[in-house]
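# Fold and geometry: a report
Residue-level listing of the chains:
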Amino acid sequence: MARKVQLQPAYCMHARAYRESSQIVDMLTPGHGLIAAVHRGSRKQRGANRILFTPLLISWSGNGELFTLTHVESQGARHFDLPGMSVVGMYLNELILRLTPKSSPSQGIFDLYRSVVMALGGNEIPCENLLRLFEIKLLEKTGHGLLLDREADHETEIQPHAVYRYDVESGPVRIGQSGPAWNILQGTTLIALQSPLEMKHESRGAAKKFMRGMIDQHLGSRPLRSREILQFMRMTPPD
Amino acid sequence: MSVNDLGDGELATSSLLNQLIESLQCLPGVGPKSAQRMAFHLLQRNRGGAKSLSDVLNRAVDEIGHCKNCRIFTEQESCPICQDASRIRTTICVVENPADVFMLEKSTDYKGLYFVLMGSLSPLDGIGPQELGLPILEKRLAEEAVEELILATNSTVEGEVTAHVLSEMAGRQGIKTTRLAQGVPVGGELEFVDQNTIAQAFAGRKTY
């Protein structure tokens, strides 16, 4: 018998056109993790595309991997309307879809996503700091947590002026001199990453480079496409 | 032998017919049943039409490419709109699909040029700035005397993001951007318009 799930909180991660007027949507839910479902006739409904970055309540039914959405309602206003923010939101969604296993329930990931999109709309915390927080916490909740306050031996404290090489498997190892690789970084950067929301402007560049390299380690060979858009937007004008 | 087996066996007598039915299903909105009807119609009643359809389809697929300036479909290097000397060259209207150009040409008196993106930015579908030809447009903005870029992308999240990226790109070169107005549909009643649209329409009201 088809399973029916009623009125679950959810966020839409992605919607793509399916057949004439439907969409296939990927939804993040706390109780059922990431689910994919067909949203019948949704492309004909006005404003159907506004479900991104909006807190939703959804019901679905079905068996197997692709469910059928039977009900979608918004539980509140969309968290942000600025298109510039939507690009950042798409980056969050892409990270969730690439790093989270399908159908594995996680209240933690749902709460993290909700708090970060709400804060992005609130505009009080610098966007870069929110992104670093999201990346660190998402890695932690998907089983790739970082060691930021101790060296790889789990005892020696991180020194601000020392140079470290971050080993993906074991953690930071103190080394003699700095280098260009993504995983060679100053102690100050590791310390700044311990509380990303308070990160000062001067640490942001190095923190971003490190987190970017770290995420790439877990993504495999396919690059993140939303990053390309962010990079294109920051390009310098042609001479 | 069941009735179903008989039916399949009958169709299988012509594998070419089966192939035709399957191929017709690549058209939007055409399922197995309509495809079968189309195939029988073409073979039974309109072989001439079928012949000319297949010839034109073949030629169209081989010869129609994209205009080097605006990416609209054309069999020439540059499309008739881009070649038309009477069009205003200081304005470029950016749209998502070739169908949008036809709509704008039919319903407005716009006399400028176009740029067709062939989609909108959607990272999760693998569509980034390169796929939309944004570097080509950026080069055009740098080399031609463009004064205004009209952002006529859809009012979806992806369309808005695309418009935003385009406006940043034009801004870097000091070019003015304008966005299509959003509001109450012609002939519509306020009561039935959704809240966001009313808000947009109210904010964008103009002198009457």
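Residues numbered from 1 in each chain as written. Chains lettered and ligands numbered in written order. Predicted model: local features only at pLDDT ≥ 70, side-chain atom pairs only at ≥ 80, totals over all residues. Heavy atoms only, no water.

This brings us to helix α6 (residues 98-107) of chain B. Residue and element names in this part refer to chain B. All buried positions along α6 are accounted for by Pro98, Asp100, Val101 and Leu104. One side of α6 carries all its buried residues, which in axial view fall inside an arc of 150°. In α6, those exposed residues whose orientation departs by more than 90 degrees from the buried face are Phe102, Met103, Lys106 and Ser107. Contacts made by the buried residues of α6 are with β2 (73-74), α5 (80-83), β3 (91-95) and β4 (113-116). (Buried < 20%, exposed > 50% of the residue type's maximum accessible area, 1.4 Å probe, protein only. Helix = DSSP H or I, 4+ residues; strand = E, 2+ residues; numbered from the N terminus. Arc of directions from axis to C-beta. Contact = heavy atoms within 4.5 Å.)

This next bit is on helix α8 (residues 157-172) of chain B. For α8 of chain B, built from 16 residues, the straight-helix expectation of 22 Å at 1.5 Å per residue is met to within 8% by its first-to-last C-alpha distance of 23 Å. Along α8 of chain B, the residues classified as buried are Val157, Glu158, Gly159, Val161, Thr162, Ala163, His164, Val165, Leu166, Met169 and Ala170 of chain B. Residues of α8 of chain B that are buried sit in contact with α1 (83-99) and α6 (225-233) of chain A together with β3, α7 (134-143), β5 (148-151) and β6 (176-179) of chain B. After α8 of chain B finishes, the residue Gly174 of chain B shows a positive phi value of roughly 70°. (Expected span 1.5 Å × (residues − 1).)

The next point concerns the domain arrangement of chain B. The domain architecture assigned to chain B consists of domain 1 (3-63) and domain 2 (87-202). For domain 1 of chain B versus domain 2 of chain B, the separation of C-alpha centres amounts to 38 Å. (Domains from an automatic or database assignment.)

With that settled, the discussion passes to the interface of chain A and chain B. Residue-level contacts link 28 residues of chain A with 28 residues of chain B. At the surface where chain A touches chain B, the tally comes to 1 salt bridge. Here Arg225 of chain A ties to Glu131 of chain B by a salt bridge, and the two come within 2.9 Å at their closest N and O atoms. Summed over the shared surface of chain A and chain B, the number is 3 residue pairs in polar contact (both at pLDDT 80 or more). If you list the elements that add at least two residues to the side of chain A that touches chain B, you get β1 (3-18), α1 and α6 of chain A. If you tally residues by element for the side of chain A that touches chain B, the top one is α1 of chain A, at 8 residues. Residues of the side of chain A that touches chain B, tallied by class, amount to 13 nonpolar, 6 polar and 9 charged. (Salt bridge = Lys/Arg side-chain N within 4 Å of Asp/Glu carboxyl O. Polar contact = N/O pair within 3.5 Å; in protein donor to acceptor, adjacent residues only side chain to side chain. Nonpolar A, V, L, I, M, F, W, Y, C, P; charged D, E, K, R; others polar.)

All names here are of chain A. Where strand β6 (residues 163-167) lies against strand β7 (residues 171-175), 5 bridges are found, and the strand directions are antiparallel. The residue bridging Tyr164 from the neighbouring strand is Arg174, located in β7. Between β6 and β7, which pair antiparallel and follow one another directly, the connecting turn spans 3 residues. (Pairing = 2+ DSSP bridges.)

All names here are of chain A. Read from one edge of the open sheet, 3 strands run β7-β6-β8, paired in antiparallel fashion. Among the strands making up the open sheet, the edge pair consists of β7 and β8 (184-186). This sheet shows a mean twist of 40° between the axes of neighbouring strands, independent of strand direction. Pairing geometry for β6 and β8, over 3 bridges, is antiparallel. Bridge pairing in β8 places Val163 opposite Gln186. The strands touched by helix α4 (residues 187-194) within the sheet are β6, β7 and β8, with β8 carrying the most contacts at an inclination of about 80°. (Axes fitted to C-alpha atoms, helices over the stretch in contact; angles between N-to-C directions.)

Here we come to the side chain of Arg98 of chain A. All names here are of chain A. One can find Arg98 in helix α1. At 4.2 Å, Glu94 is the nearest oppositely charged side chain to Arg98, a buried residue that forms no salt bridge. Contacts of Arg98, omitting those with residues within four sequence positions, involve Leu219, Arg222, Pro223 and Leu224. (Lys, Arg positive; Asp, Glu negative; His and termini not counted.)

Residues and elements named next belong to chain B. If you trace the 4 strands from one edge of the open sheet to the other, you get β4-β3-β5-β6, paired in parallel fashion. Because the sheet does not close on itself, it has two edges, and the strands there are β4 and β6. In this sheet, neighbouring strand axes are inclined to one another by 25° on average, regardless of whether the strands run parallel or antiparallel. Bridge analysis of β3 against β5 gives 4 bridges, and the strand direction is parallel. Looking at the pairing, Thr91 lines up with Glu148 of β5. Taken strand by strand, α7 contacts β3, β4 and β5, and its axis lies near 155° from that of β4.

Angle between the axes and distance between the axes are the two parameters that describe a pair of packed helices. All names here are of chain A. Relative to each other, α1 and α6 sit at 155°, their axes nearing to 8 Å. As far as their axial angle goes, α6 and α1 are roughly antiparallel. Along this stretch, α1 crosses α6, giving a crossing that reads as left-handed. Across the interface between the two elements, Val87, Met90, Tyr91 and Glu94 of α1 pack against Arg225, Ser226, Arg227, Ile229, Leu230 and Met233 of α6. The class makeup of the residues in the contact of α1 with α6 is 6 nonpolar, 1 polar and 3 charged. (Parallel < 35°, antiparallel > 145°, perpendicular 65-115°, else oblique. Left-handed = near helix turned anticlockwise from the far one by under 90°.)

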